[in-house]
Each structure stands twice: as C-alpha cells, then as structure tokens.
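A structural walkthrough
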Amino acid sequence: MSFQLSQRDKHIIGFINQFRAVDRDSLVELFFKQLKSPVNACNSVIVSWYVYID
C-alpha cells in the first residue's frame, strides 16, 4: 500500500525531528489552529501515521 505525505505532514515531521519532544498541543497551535476541530485533526493525522509505521 502506498502512502503519500502532504506538505503539512512533511513540515510536522521535520519539526518533530528538529525538537524531538513535542506535545500534541504544540502541534495543534503550530499546524492545525485554523481548522474547525484542531485537536481532532491533529489526532487523526498522528493516528494515520501510526497505522503506516506499524
């Protein structure tokens, strides 16, 4: 199964790699705050990565 990362996902991964320890609330504030449900969106993105990492 092929999995393509969006530009936002690539930016988030780069940010996590740079700082190593990032909490969800920081990710929400930096990358998802403009969305209607930023916490749910962040959780969905992180869970989708977990499915492909496993």
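Since the structure is predicted, the reported quantities are computational estimates derived from the model, not experimental observations.

Side note on the nonpolar core
One finds Ile12, Leu27, Val28, Phe31, Phe32, Ala41, Cys42, Val45 and Trp49 forming the largest nonpolar core, which totals 9 residues. Elements with a contribution of two residues or more to this core: α2 (24-32) and α3 (38-53).

Side note on unusual backbone geometry
The phi dihedral of Arg20 is positive, around 65°, even though this residue is not glycine. In this structure, Arg20 sits in the loop between α1 (7-19) and α2.

Observations concerning α1
Counted at 1.5 Å a residue, the expected span for α1 with its 13 residues is 18 Å, and the 19 Å between its end C-alpha atoms agrees. In the segment just after α1, Arg20 is the residue with positive phi, at about 65°.

Remarks on α2
Those residues of α2 that sit buried are Leu27, Val28, Phe31 and Phe32. Looking straight down α2, one finds that the buried residues subtend no more than 105° of arc, so they occupy a single side.

Cut-offs applied
- Residues numbered from 1 in each chain as written.
- Predicted model: local features only at pLDDT ≥ 70, side-chain atom pairs only at ≥ 80, totals over all residues.
- Heavy atoms only, no water.
- Core = buried A, V, L, I, M, F, W, Y, C linked by side-chain atoms within 4.5 Å.
- Buried < 20%, exposed > 50% of the residue type's maximum accessible area, 1.4 Å probe, protein only.
- Helix = DSSP H or I, 4+ residues; strand = E, 2+ residues; numbered from the N terminus.
- Expected span 1.5 Å × (residues − 1).
- Arc of directions from axis to C-beta.

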